[in-house]
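# Coordinate analysis (summary)
Chain by chain, the residues run as shown.
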Protein chains: 2
Amino acid sequence: VSALTVSSLLERLRAGDRRACARLISIVEDEAEGTTEILNELYPLMGRAYRIGITGPPGAGKSTLVEKLAQECRSRGKTVGIVAVDPTSPFSGGAVLGDRVRMPALFTDPGVFIRSMATRGGMGGLATRTKEVCDVLDAFGVDYILVETVGVGQVELDIASAAHSTLVVLVPESGDSIQVMKAGLMEIGDVFCVNKSDRQGADRLVMAIQAMLELKQVRNGWMPPVVKTSATDGTGTGELLARLDEHRKYLGDSNLLVARRKSSIRAEIRELVEARLRREIWTRTDVSDELSLLVEKVFEGGSTPYRAADEILGLVQPDAGQEVREK
Amino acid sequence: VSALTVSSLLERLRAGDRRACARLISIVEDEAEGTTEILNELYPLMGRAYRIGITGPPGAGKSTLVEKLAQECRSRGKTVGIVAVDPTSPFSGGAVLGDRVRMPALFTDPGVFIRSMATRGGMGGLATRTKEVCDVLDAFGVDYILVETVGVGQVELDIASAAHSTLVVLVPESGDSIQVMKAGLMEIGDVFCVNKSDRQGADRLVMAIQAMLELKQVRNGWMPPVVKTSATDGTGTGELLARLDEHRKYLGDSNLLVARRKSSIRAEIRELVEARLRREIWTRTDVSDELSLLVEKVFEGGSTPYRAADEILGLVQPDAGQEVREK
């Protein structure tokens, strides 16, 4: 991507051009050339959108719920960005379901911007570029950003920590309370929603969640509300959005938003520094040649990964490597 | 942990002392002092255990299945290590269920070693120390290591990539095929198991999985088998272990084991180097002071995370920082 293209895309985004926004998101998601410039240029425009992470087990009806929440936002005159995160597919290399298949009702609404992302497997680096995609949407000017993730794992915890509020979606079929606790969902929810609440067991699940929340300490004075919804017909989604707005207001009033913002800036700077250092080290020819030799040596039993790491460190940081070996 | 303690623990582990093994695992899991020495010393003893990752949605009966698989191993005269990974609980700071609650039938068997681990939230670094815990068990001399994880996310993908074989456990209630695909389970399974197979829909799920696997390319000539089990009464677990053993044999015959081993050595060396560099950078007083100043500056709108990262890089790598700013 040429600098000229980037600067023209940025200008068009500032003028509200959706296609420029989509293109910029693709660049940022792929970490293509120009990514840093884009995020740096857009930075002053960020910080206005309310970012909501939506998570829960597969089959809880998250997509439909997100669709209905988006419609609630729209009916209040607000614009919405939707980011759906799918696990990596090493086969397809991308999201399993396309944007068009999801949420047909919203796809033609100019006040709604929908984007599917794949997560990335493998070690090292951030698992997804969700935060950066949300950053572009934020700069584009949407009022709400709804980030939908499948399942609960490291990716979801990271996404939760990047959102202002986390909504946990459960269904009566989600199983007994121990399963819910084991899945780590109690810990990350700011607002809970029992979806498909016309089914048997819904009230029992609401009570079980409330009981578990009462056992935990209330975090900084916020007791997560539990809302019953039926996303297919829209029951309860208005109340759900109201509860989420309350949580946002609570964050603002309690100064937590400032604290979260600063800790997210800190994490971002650290990650940027580490990513650059990683790139610089492993693209050095001498380092990568040495690494290949050391892999063979360890494989054949002539060294261990720990001694090999010392040798690489000796290459990239002569002083540090020395010090370690002398210990 | 003193060097003397470590060296005595290592000696006792080599003599087959379970308590020394447990203690060494704790040190390695906490990354306490002595960790590198322990893993380095034990390295020549590793590489004999067959590592199986077991994953699937909450409520699929993984714990019971692992228990039955372990009993199968025992009935063939093999020893077993079991590692159960739970999501982080910021409240409890540890695993939700203790080792004793899980698998009561195995807890008193001297041929079985059970360990629960919590995953760790937050950015940067490996999410769990599962691989290292397995390394110690491997050096201790167990024949099989069964690693059980909840849900599917980044952690699970990392664990799958560290295991020799990945077993995906589903139940008829796991929902329709799109849900299974969305959860990213098709991609990581070397062997599939439909548990609770006496329930309605089991055969349909088996057929759906087989159909989806046939749609994908067969990876390197291995077509993942689908086995029906009923873990509560042990039905099918013998066949399941036989299929896993076949996958292990296939890996050995096809030389894939060598390739996997080398790529895992490479990843480990890289991670060790990066972890050391991260620690060295962020514990420097000048860097951490500068970072705090920059966080405030970015928060107040006087800079962006990208420019701030350049400044930190200028501190830790004077040349690299220069080059970037001149661009």
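Fair warning: this is a prediction, and the values are worked out from it, not measured in the lab.

## Observations concerning the packing of helix α11 (residues 256–282) of chain A against helix α13 (residues 305–316) of chain B
In contact at an axis separation of 9 Å, α11 of chain A and α13 of chain B are set at 55° when each is read in the N-to-C sense. As summarised for this structure, α11 of chain A and α13 of chain B are arranged oblique, according to the angle between their axes. Along this stretch, α11 of chain A crosses α13 of chain B, giving a crossing that reads as right-handed. Contact with α11 of chain A, carried on its side by Glu-268, Ile-269, Leu-272, Val-273, Arg-276 and Leu-277 of chain A, involves Pro-305, Tyr-306, Ala-308, Ala-309, Asp-310, Ile-312 and Leu-313 of chain B of α13 of chain B and no other residues of that element. Each residue belonging to the contact of α11 of chain A with α13 of chain B can be placed in one class, and the counts come to 10 nonpolar, no polar and three charged.

## Considerations on the pattern of salt bridges
Scanning the entire structure with this criterion turns up 36 salt bridges over all chains. A salt bridge links Arg-12 of chain A to Asp-17 of chain A; its shortest N-O distance comes to 2.9 Å. Residue Arg-243 of chain B is joined to Glu-239 of chain B by a salt bridge in which the shortest nitrogen-to-oxygen separation is 3.3 Å. With a gap of four residues between them, Arg-243 of chain B and Glu-239 of chain B both fall in helix α10 (residues 237–253), about one helical turn apart.

## A look at the confidence of the model for chain A
Residues and elements named next belong to chain A. Mean pLDDT for chain A: 82, with 79% of residues reaching 70 or above. Looking across chain A, the model is least confident in helix α14 (residues 318–326), with a mean pLDDT of 48, and most confident in strand β7 (residues 226–228), with 96. Every residue in residues 121–126 is under pLDDT 50, and counting partners more than four places away or in other chains gives 12 contacts.

## Here's the deal with the pairing of strand β5 (residues 165–170) of chain B
Residues and elements named next belong to chain B. Within β5, six of the six residues are buried, which leaves it mostly tucked inside the rest of the structure. The side-chain alternation of β5 yields two buried faces, one formed by Ser-165, Leu-167 and Val-169 and the other by Thr-166, Val-168 and Leu-170. Two strands pair when backbone bridges link them, and strand β1 (residues 50–55) and β5 are joined in this way by four bridges, in the parallel orientation. Pairing of Ile-54 across the sheet is with Leu-167, part of β5.

## Structural notes on the packing of α11 of chain A against helix α11 (residues 256–282) of chain B
Viewed as axis vectors pointing N to C, α11 of chain A and α11 of chain B meet at an angle of 135°, and their least axial separation amounts to 11 Å. Relative to α11 of chain B, α11 of chain A is oriented oblique. Crossing geometry of α11 of chain A relative to α11 of chain B is assigned as right-handed. Facing α11 of chain A, whose interface residues are Arg-270, Val-273, Glu-274, Leu-277, Arg-278, Ile-281 and Trp-282 of chain A, α11 of chain B presents Arg-270, Val-273, Glu-274, Leu-277, Arg-278, Ile-281 and Trp-282 of chain B. Of the residues that constitute the contact of α11 of chain A with α11 of chain B, the class distribution is eight nonpolar, no polar and six charged.

## Points about helix α13 (residues 305–316) of chain A
The end-to-end C-alpha distance of α13 of chain A is 16 Å, a good match for the 16 Å that 12 residues give at a rise of 1.5 Å each. Within α13 of chain A, nine of the 12 residues are buried, leaving the element largely enclosed by the surrounding structure.

What counts, and where the lines are drawn
Residues numbered from 1 in each chain as written. Chains lettered and ligands numbered in written order. Predicted model: local features only at pLDDT ≥ 70, side-chain atom pairs only at ≥ 80, totals over all residues. Heavy atoms only, no water. Axes fitted to C-alpha atoms, helices over the stretch in contact; angles between N-to-C directions. Helix = DSSP H or I, 4+ residues; strand = E, 2+ residues; numbered from the N terminus. Parallel < 35°, antiparallel > 145°, perpendicular 65-115°, else oblique. Left-handed = near helix turned anticlockwise from the far one by under 90°. Contact = heavy atoms within 4.5 Å. Nonpolar A, V, L, I, M, F, W, Y, C, P; charged D, E, K, R; others polar. Salt bridge = Lys/Arg side-chain N within 4 Å of Asp/Glu carboxyl O. pLDDT = per-residue confidence, 0-100. Buried < 20%, exposed > 50% of the residue type's maximum accessible area, 1.4 Å probe, protein only. Pairing = 2+ DSSP bridges. Expected span 1.5 Å × (residues − 1).

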